[in-house]
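# Commentary on secondary and tertiary structure
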Amino acid sequence: MTVPDTALPRPGTRSPGGPTEPTRRRRGRGPLLLTGLAAGLLLVCLVAAGTGQVHVSPAEVLGSVLHRLGLPIGPLPSAAQGENALWVVRFPRVLLAVIVGASLGCAGALMQGVFGNPLAEPGIIGVSSGAAVGAAVTIVTGVSALGGWTVATAAFLTGLLTTFAVYLMSRSDGRTEVVTLVLTGVAVNAVAGAVLGLVMFFGDADAVRAIAFWQLGSLAQASWGSVLVTLPCAVLGIGTALTAAGRLDLLALGERPAYHLGVPVERLRLLMIGVTALLAASAVAFTGVISFVGLVVPHLIRLVAGPGHRTLLPASALGGAIIVVAADLAARTLIDYQELPLGVLTAVVGGPCFFWLLRRARSRAGGWA
């Protein structure tokens, strides 16, 4: 007996009670992707920690770490001052790059999930611009109540305050519409840019150079102290985001369907905006503005693993960490005895990459409506 063609399931269609074949393939890629990204991050960290004026091989880097952990395995650095170069300069910088990249990558994936817009990024809610204003005012006024931590603390607090100001101004009738929130963020960013220009106008030449350096982004000021401050913020933020992955998947169906499925939409949105502000503000407080990481990395992860947030969030964190560590390695080694601005380098690479993603999406969709 011949089964008619109409009775056979078409490729890519959902079988009764089960996901589509592309969905099953993407789910299978998730663990492999996370494993590959984790291995890639470890490798790039070993290379970054050993590269510089004092060369240390990856095996010696790993051996130094194992010896510090009480495991006498592997060789120790043979170069003069190799241990000091690793533990005083390189490891704090590499770890801060990992934390900053993971925070920005996860924050970008969160913003795109909460807004339902692939063009969303942490900067759209005023985190970066608010932090820049706080840092600039502190530099120009010369306030040093917290010593070397004053600028970072001011940037962190003003970034958080700006974010929640954007959220409160966009609320109406007890709820917040995504379009209103985005437009409010655009307006606040414009005002913050004007305030920043005004602050730079009244500052002296040294203050202007310091503000410009901070805006361009750099990990040159990395220390164990900055690592100890940013690490708890990253762990708390990323951990909270992972617990909300399932609800973010439901939110992707739309606000009304998600609400009927039991998702407290407004409460979830407020929580995720707060988490994004915490991640982004703690990241830019010590490094300045690093652009395009939170925008491009989640796009690239979606191409491989799909839109499911259980894979997207941790993979974006790992991918962001790899990008920032690799970009910082290039920034301090491409030109001898000079360091390129990290934020400029990520923008130079991220801009064309994002343009390619836009063109790809446009061609697959048959053009923009």
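Residues numbered from 1 in each chain as written. Predicted model: local features only at pLDDT ≥ 70, side-chain atom pairs only at ≥ 80, totals over all residues. Heavy atoms only, no water.

## Examining the overall build of the protein
Per the secondary structure count, the protein includes 14 helices and two strands. Taken over 369 residues, the protein has a buried fraction of 45%. In the protein, 74% of the contacts between residues at least 6 apart in sequence involve partners at least 24 apart. For the protein, the accessible surface area stands at approximately 18,500 Å², while carbon and sulfur atoms represent 67% of it. (Helix = DSSP H or I, 4+ residues; strand = E, 2+ residues; numbered from the N terminus. Buried < 20%, exposed > 50% of the residue type's maximum accessible area, 1.4 Å probe, protein only. Contact = heavy atoms within 4.5 Å. Areas by Shrake-Rupley, 256 points an atom, 1.4 Å probe, with all protein chains shown as cover.)

## Quick word on helix α7 (residues 205-216)
For α7, with twelve residues, the first-to-last C-alpha span of 17 Å sits near the 16 Å given by 1.5 Å per residue. Along α7, the residues classified as buried are A207, I211 and W214. All buried residues of α7 lie within an arc of 60 degrees about the axis, which places them on one face of the element. The outward face of α7, more than 90 degrees from its buried face, is lined by the exposed residues D206 and R209. Remark: G217 follows α7 within two positions and exhibits a positive phi of approximately 85 degrees. (Expected span 1.5 Å × (residues − 1). Arc of directions from axis to C-beta.)

## Focus: the pattern of salt bridges
Going through the model one piece at a time under the given rule, you end up with six salt bridges. Ionic pairing is found between R209 and D206, a salt bridge with its closest N-O pair at 2.3 Å. Of the two residues, R209 and D206 both sit in helix α7, three residues apart, roughly one turn of that helix. In this structure R209 comes out as exposed when scored by relative accessible area, which is 51%. In this structure D206 comes out as exposed when scored by relative accessible area, which is 52%. One salt bridge in this structure joins D249 and R310, with 3.5 Å as the shortest N-O distance. Residue D249 is found in helix α9 (residues 245-251), and its partner R310 is found in helix α13 (residues 309-333); the two are separated by 61 residues along the sequence. (Salt bridge = Lys/Arg side-chain N within 4 Å of Asp/Glu carboxyl O.)

## Quick word on the packing of aromatic side chains
Remark: the centre distance and the inter-plane angle together describe each pair of aromatic rings, the angle taken between the planes. For the coordinates displayed, the defined rule picks out two aromatic pairs. The ring of W87 is capped by R68, whose NZ or CZ atom sits 4.4 Å from the centre of that ring. (Phe/Tyr/Trp six-rings, centres within 6.5 Å; stacked < 30°, edge-to-face > 60°. Lys NZ or Arg CZ within 6 Å of the ring centre and 35° of its normal.)

## Side note on the environment of T276
Mapped onto the elements of the fold, T276 is located in helix α11 (residues 265-287). Those residues in contact with T276, other than ones at most four positions away along the chain, are A107, L110, M111, P122 and I125. Within the local environment of T276, its side chain forms a polar contact with the backbone oxygen of M272, the two atoms lying 2.8 Å apart. (Polar contact = N/O pair within 3.5 Å; in protein donor to acceptor, adjacent residues only side chain to side chain.)

## Things to note about the environment of G185
The topology assignment puts G185 in helix α6 (residues 178-202). Owing to a relative accessible area of 0%, G185 belongs among the buried residues under this scheme. For the pair G185 and A165, spaced 20 residues apart in the sequence, the C-alpha separation amounts to 9.3 Å. Those residues within four positions of G185 in sequence are excluded, and the remaining contacts are I124 and V166.

## Focus on the side chain of R90
The residue R90 is located in helix α3 (residues 82-115) in this model. D328 provides the closest opposite charge to the buried, salt-bridge-free R90, at an N-O distance of 9.1 Å. Engagement of the side chain of R90 in a polar contact is seen with the backbone oxygen of V54, the distance being 2.7 Å. Setting aside anything within four residues of it in sequence, one finds R90 in contact with A48, A49, G50, T51, G52, Q53, V54, A85 and R332. (Lys, Arg positive; Asp, Glu negative; His and termini not counted.)

## A look at the packing of helix α4 (residues 127-141) against α7
As a packed pair, α4 and α7 sit with axes 9 Å apart at the nearest point and diverge in direction by 155 degrees. It follows that α4 is roughly antiparallel to α7 by the angle criterion. Where α4 crosses over α7, the handedness of that crossing is right-handed. Across the interface between the two elements, A131, A132, A135, A136, I139 and V140 of α4 pack against A207, A210, I211 and W214 of α7. Residues belonging to the contact of α4 with α7 are distributed by class as follows: ten nonpolar, no polar and no charged. (Axes fitted to C-alpha atoms, helices over the stretch in contact; angles between N-to-C directions. Parallel < 35°, antiparallel > 145°, perpendicular 65-115°, else oblique. Left-handed = near helix turned anticlockwise from the far one by under 90°. Nonpolar A, V, L, I, M, F, W, Y, C, P; charged D, E, K, R; others polar.)

## Focus: the side chain of S218
Considering the arrangement of structural elements, one finds S218 in the loop between α7 and α8 (224-243). Here E339 takes part through its side chain, which lies 3.2 Å from a polar atom of the side chain of S218. In this structure S218 touches F213, F286, T287, E339 and L342, once residues within four positions along its chain are discounted.

Bear in mind that shape data such as this cannot, by itself, settle questions of function.
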